[in-house]
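The lines below spell out each chain.
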Amino acid sequence: MKQEQRAQMTRDRIMKAAMEVFGTRGYDGGTVGEICRQGINKGLVYHYYESKDALYLECLRVSCGKLQTALQDMEEAGSGTASQIVRRYMDSRMAFSRENPLENHILFEALLTPPAHLRGDIAGIMQPLDSLNTGILRSALSKLTLRQGVDIEQAMQYFSMLQTMFNGYYGSPSMQTRSLEERIREHEKAMPAVIDFMLYGIAQKEEG
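Caption draft 1: Spotlight on the layout of surface pockets. Considered as a void within the structure, the largest pocket measures approximately 1,000 Å³ in volume. Lining the largest pocket are 40 residues, and of these Leu111, Asp130, Asn133, Gln163 and Asn167 sit closest to its centre. When residues of the lining of the largest pocket are traced back to their parent elements, those giving at least two are helix 5 (82-99), helix 6 (101-112), helix 7 (119-141), helix 8 (152-170) and helix 9 (180-200). A per-element tally of the lining of the largest pocket places helix 7 first, with 11 residues. Across the lining of the largest pocket, the residue classes tally to 24 nonpolar, 12 polar and 4 charged. When its volume is computed, the second largest pocket comes out at roughly 570 Å³. Along the walls of the second largest pocket sit 20 residues, with Arg147, Met198, Leu199, Tyr200 and Gly201 positioned nearest its centre. Looking at the lining of the second largest pocket, the element that brings in the most residues is helix 9, giving 5 residues.

Caption draft 2: Representation of the packing of helix 6 against helix 9. In contact at an axis separation of 10 Å, helix 6 and helix 9 are set at 85° when each is read in the N-to-C sense. Regarding the angle of helix 6 to helix 9, the classification is roughly perpendicular. Facing Asn104, His105, Phe108, Glu109, Leu111 and Leu112 of helix 6, the residues of helix 9 in contact are Leu180, Glu181, Arg183, Ile184, His187 and Glu188. When its residues are assigned to classes, the contact of helix 6 with helix 9 shows 5 nonpolar, 3 polar and 4 charged.

Caption draft 3: Structural context of the nonpolar core. In terms of nonpolar packing, the biggest core is built from 55 residues, with Phe22, Ile35, Leu55, Tyr56, Leu60, Leu107 and Ile122 touching the most fellow members. Listing elements by their share of this core, those giving two or more residues are helix 1 (3-29), helix 2 (32-36), helix 4 (52-71), helix 5, helix 6, helix 7, helix 8 and helix 9. Broken down by element, the residue count for this core peaks at 9 residues, all from helix 7. Those residues within four positions of Leu107 in sequence are excluded, and the remaining contacts are Leu60, Ser63, Cys64, Leu67, Phe96, Met126 and Leu129.

Caption draft 4: Here's a closer look at helix 6. In this model, helix 6 (12 residues) spans 16 Å end to end at C-alpha, consistent with the 16 Å of a helix rising 1.5 Å per residue. Burial of helix 6 is extensive: 9 of the 12 residues sit out of reach of the surface. Turning to helix 6, its buried residues number three or more, namely Glu103, Asn104, His105, Ile106, Leu107, Phe108, Glu109, Ala110 and Leu112. Packing partners of the buried residues in helix 6 comprise helix 1, helix 4, helix 5, helix 7, helix 8 and helix 9.

Caption draft 5: Just the packing of helix 1 against helix 6, in detail. Two elements in contact, helix 1 and helix 6, have axes separated by 8 Å at closest approach and are oriented at 30°. Compared by their axis directions, helix 1 and helix 6 come out roughly parallel. Handedness of the crossing formed by helix 1 with helix 6: left-handed. Touching Met19, Glu20, Phe22, Gly23, Thr24, Gly26, Tyr27 and Asp28 of helix 1 are Leu102, Glu103, His105, Ile106 and Glu109, all from helix 6. Of the residues in the contact of helix 1 with helix 6, the class split is 5 nonpolar, 4 polar and 4 charged.

Cut-off values and rules
- Residues numbered from 1 in each chain as written.
- Predicted model: local features only at pLDDT ≥ 70, side-chain atom pairs only at ≥ 80, totals over all residues.
- Heavy atoms only, no water.
- 1 Å grid on protein atoms, 1.4 Å probe; cavity = no way out; pocket = protein on both sides within 12 Å on 5 of 7 lines; lining within 4 Å.
- Points joined across faces, edges and corners; volume = space filled by probe spheres on them.
- Helix = DSSP H or I, 4+ residues; strand = E, 2+ residues; numbered from the N terminus.
- Nonpolar A, V, L, I, M, F, W, Y, C, P; charged D, E, K, R; others polar.
- Axes fitted to C-alpha atoms, helices over the stretch in contact; angles between N-to-C directions.
- Parallel < 35°, antiparallel > 145°, perpendicular 65-115°, else oblique.
- Contact = heavy atoms within 4.5 Å.
- Core = buried A, V, L, I, M, F, W, Y, C linked by side-chain atoms within 4.5 Å.
- Buried < 20%, exposed > 50% of the residue type's maximum accessible area, 1.4 Å probe, protein only.
- Expected span 1.5 Å × (residues − 1).
- Left-handed = near helix turned anticlockwise from the far one by under 90°.

Quick look at the structure:
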């Protein structure tokens, strides 16, 4: 076996162990020691990854890539109504959550309760996924007749603010008594209604 192949196999073993640790224990609970307890030499871990942070960020990068792949067929979701586009998006997200619990846990931790010193790195890693989500929303908005005086760019700006507040709520001190798993479940349960409210509003506008 060539040296490059052996090196790749070692990296794969490290990543599999790291995904298991960070995907169940999170950043704070996960340690290089825990990863090494799965039969991996600590020296090898530090040979390929300079720190716990580097390993965690690589796990996040892998998780983002998997979700992007799961959503890639929607990147140009031009067919169907706005409701159909949103429904396909939510179905794809829920399927990803069920089929990839470790990756989903890592993604939500980075979204809701990111390690403070890694916020900039995390934002950079998640940017392509954010762009994909934005493109899908823009596609849904393009199917609607917007209120007079409102254009797609204004609607996108509003949604961005709403999304920031929505995610911020589940990462706020008032939610700290709940586990990340509980927050994830509530976040996923509430998300369809939030998107529906954003697209269609919550009340009939009064006359006069």
